[in-house]
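Chain by chain, the residues run as shown.
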Amino acid sequence: MAGRCFHVAWIFFSLFYLFFLPSHCFYLPGVAPEDFKTPDHIVDSAENLGEVLRGDRIENSPYTVFIMRESRMCNVVCRKVLDKKAAKAFKEKIDDEYRVNMILDNLPLVVPIRRHDVENAVVYQHGFHVGLKGKYAGSKEEKHFINNHLAFTVKFHKDPLAETARIVGFEVKPFSVKHEYEGEWNAKTRLTTCDPHAKRAVTSSESPQEESDIKWASRWDTYLLMADDQIHWFSIVNSLMIVLFLSAMVAMIMLRTLYRDISKYNQLETQEEAQEETGWKLVHGDVFRPPTNFGLFCVYVGTGVQFFGMILVTMIFALLGFLSPSNRGGLMTAMLLLWVFMGLFAGYSSARLYKMFKGANWKSITLKTAITFPATVFAIFFVLNALIWGQKSSGAVPFGTMFALVLLWFGISVPLVFVGSYIGFKKPVKEDPVKTNKIPRQVPDQPWYLHPAFSILIGGILPFGAVFIELFFILTSIWLHQFYYIFGFLFIVFIILVVTCAEITVVLCYFQLCSEDYQWWWRSYLTSGSSALYLFLYAAFYFFTKLEITKLVSGMLYFGYMLIVSYAFFVLTGTIGFYACFWFTRLIYSSVKID
């Protein structure tokens, strides 16, 4: 067995588009078609940053017998006799369902599997299993079998203007065969179990490979075919129903209740009437009082802005087709670089908010903005990488790459955060619509349904409910090696998530202010941010119901990475909720007369 390359996971995949001009066309960099003749030699491929972080390690394969438009059969690559130690290692790999991954002309090797529930439908398994477990007829003993015979199918499309051809498909059928031969083994020995001269083959067909009618520009279409689009549409409809429900509540508050409240407050004329006022106007002197630990609050808001910008720009590029599936690791690299450059907006946002709170030590807040979240993630990632390194896995990130990440962090991201913070702190702050009293008023006892813990947990349910169906497909693509490239659906779900976080926070913030509780800053952040807790719980449910991970290290890797994802989701959704509530409070308190 050679040419093995075990991958950790495919994170995301993109659909490739061509850009047409009136008279000619061009291809995106790195994904142009390549014409093939008999190759003179094989060149190693260097991994980009995204590939290394995903765990991809590309090595040359000994399968050098591919000649364009020539069928080959029964070619022997190597002969290996396994000792007890090697056999035990293969048994462990078979039990853990390891797969062998190969690439030909940037196309991943797939195993076509026919679906029985849909007529003429085929799904593609990424890579083939190292082996399988089974029983001989009449035997109860389960044995391990190695897939030692591979039947490759290389689909090609001939260029009508030249004698060259382009590869449009790379498939394989793995077999476990006890091959036999006559005499002593040497380089010229022929197999008796697979002999083209004797017309004896392992496969059921000996016909040559015909030209495929699939053109090069469409070769990824079959890989990215979405067979369960009805479920995705159901996800969109489910999310839209949540948005419509929340929108109706927000409309009722804004158009009826708020309008009545503002009219009532503005008609109060006497001092006695003003003293009897109740509701959200009563806390106008405290509603813009800086929250407890406002420095940390500014740090998390700035980090959330950084995340929002990274995700939004990534989605736009993916929708435009700039993140091709043939560009392995391109999505991960793009997200990482965008995160680094979005540090400019993180510093700007945190500094603006910090100055509004009358803060003076902006350099300290800037440094915390640049370090707090990345340091936490880097620490978790370093521990997880050490676990992988201890298992001698090729998926471990080399120390050279770790150093490159630190260099990106401190060499580019941190300076950009300081630049953005400097610009933001120099700009004048918008005045609050109402003045803040010197002495804070006491918050009255709240009913049980407005208790901070209860309202925060309730507030996270709807944002999570808007995305949990699509979350299933994302987790499946990451951990079960399936293609995910439906960024159109994902972008719609992202917009719905933003609207849902904003609306649920505004609704609960209004109820809180009406109950004369003016401590809304952290509450607004945690209300929508608590959806990250449900995301992590769903990840645990997915682990125990969909995955068959039994090893401790593998389980720690799963929960470690999902903890990072949930932490990022908390920062993103929390920031969205805060800004929605911030806009809402400034709007309503600027609409009433305050003496």
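Residues numbered from 1 in each chain as written. Predicted model: local features only at pLDDT ≥ 70, side-chain atom pairs only at ≥ 80, totals over all residues. Heavy atoms only, no water.

**With respect to the overall build of the protein**
Link 1 in the chain: Within the protein, the regular secondary structure consists of 15 helices and 12 strands.
Link 2 in the chain: Sorting the 595 residues of the protein into buried and exposed places 45% on the buried side.
Link 3 in the chain: Counting contacts in the protein only where the partners sit at least 6 residues apart, residues at least 24 apart contribute 78% of the total.
Link 4 in the chain: In the structure as shown, the protein presents an accessible area of about 32200 Å², 61% of it carried by carbon and sulfur atoms. (Helix = DSSP H or I, 4+ residues; strand = E, 2+ residues; numbered from the N terminus. Buried < 20%, exposed > 50% of the residue type's maximum accessible area, 1.4 Å probe, protein only. Contact = heavy atoms within 4.5 Å. Areas by Shrake-Rupley, 256 points an atom, 1.4 Å probe, with all protein chains shown as cover.)

**Quick look at the state of the cysteines**
Link 1 in the chain: Under the definition given, this model contains 1 disulfide.
Link 2 in the chain: One disulfide in the model links C74 with C194; its S-S distance is 2.0 Å. The disulfide joining C74 to C194 has a torsion of about -80° about its S-S bond and is therefore left-handed. Note that C74 is positioned in the loop between α1 (49-54) and α2 (84-95) and C194 in the loop between β12 (165-175) and α3 (229-266), a separation of 120 residues in sequence. For the pair formed by C74 and C194, the shared burial category is buried. (Disulfide = S-S within 2.5 Å.)

**Regarding the environment of D432**
Link 1 in the chain: Residue position: D432 is located in the loop between α9 (399-426) and α10 (452-459).
Link 2 in the chain: With relative accessibility at 25%, the residue D432 sits in the partly exposed group.
Link 3 in the chain: Here the alpha-carbon distance between D432 and R586, two residues 154 residues apart in the chain, equals 7.4 Å.
Link 4 in the chain: Excluding anything up to four places from it in sequence, D432 contacts F288, M356 and R586.
Link 5 in the chain: Polar side-chain contacts of D432 include one of 3.4 Å to the side chain of R586. (Polar contact = N/O pair within 3.5 Å; in protein donor to acceptor, adjacent residues only side chain to side chain.)

**Some thoughts on the packing of helix α5 (residues 294-319) against helix α13 (residues 521-529)**
Link 1 in the chain: Closest axis-to-axis distance for the α5/α13 pair is 11 Å, and the angle between their directions is 35°. Classified by chirality, the crossing of α13 by α5 is left-handed. For the pair α5 and α13, contact is made by L296, F297, Y300 and V301 and by W521, W522 and Y525, respectively.
Link 2 in the chain: Considered class by class, the residues forming the contact of α5 with α13 number 7 nonpolar, no polar and no charged. (Axes fitted to C-alpha atoms, helices over the stretch in contact; angles between N-to-C directions. Left-handed = near helix turned anticlockwise from the far one by under 90°. Nonpolar A, V, L, I, M, F, W, Y, C, P; charged D, E, K, R; others polar.)

**Description of the packing of aromatic side chains**
Link 1 in the chain: Counted under the stated rule, the structure contains 48 aromatic pairs.
Link 2 in the chain: Seen from the ring of Y98, K93 lies directly overhead, with NZ or CZ sitting 5.4 Å from the centre.
Link 3 in the chain: K355 extends its terminal NZ or CZ atom over the ring of F425, reaching a point 5.5 Å from the ring centre. (Phe/Tyr/Trp six-rings, centres within 6.5 Å; stacked < 30°, edge-to-face > 60°. Lys NZ or Arg CZ within 6 Å of the ring centre and 35° of its normal.)

**Notes on the nonpolar core**
Link 1 in the chain: The biggest cluster of nonpolar side chains holds 98 residues, and the ones touching the most others in it are F307, L513, W520, W521, F578 and Y589.
Link 2 in the chain: No fewer than three residues from each of domain 1 (14-213) and domain 2 (291-438 + 446-591) sit in this core.
Link 3 in the chain: Setting aside chain neighbours within four positions, we find W520 in contact with V287, C509, Q512, L513, F578, C581, F582 and T585.
Link 4 in the chain: Of all hydrophobic cores here, the second largest spans 19 residues; its members include Y63, F128, V154 and F170. (Core = buried A, V, L, I, M, F, W, Y, C linked by side-chain atoms within 4.5 Å. Domains from an automatic or database assignment.)

**Let's talk about the environment of I412**
Link 1 in the chain: Its place among the elements puts I412 in helix α9.
Link 2 in the chain: Taking relative accessible area as the criterion, I412 reaches 31% and is therefore assigned partly exposed.
Link 3 in the chain: In the structure, I412 is positioned 71 residues away from F341 in sequence and 7.6 Å away in space, judged by C-alpha atoms.
Link 4 in the chain: Non-local contacts of I412, meaning those with residues more than four positions away in its chain, are made with V340, F341 and L407.

**Some details on the environment of G390**
Link 1 in the chain: Mapped onto the elements, G390 comes out in helix α8 (residues 362-390).
Link 2 in the chain: It is 9.6 Å that separates the C-alpha atoms of G390 and V553, two residues lying 163 residues apart in sequence.

**Thoughts on a nonpolar patch on the surface**
Link 1 in the chain: Taken together, W448, Y449, F454, I458 and I461 make up a surface patch of nonpolar side chains, about 540 Å² in accessible area.
Link 2 in the chain: Within the secondary structure, I461 is located in helix α11 (residues 461-479). (Patch = residues over 30% accessible without salt bridge, like charges linked within 9 Å, V, L, I, M, F, W, Y side chains within 5 Å. Salt bridge = Lys/Arg side-chain N within 4 Å of Asp/Glu carboxyl O.)

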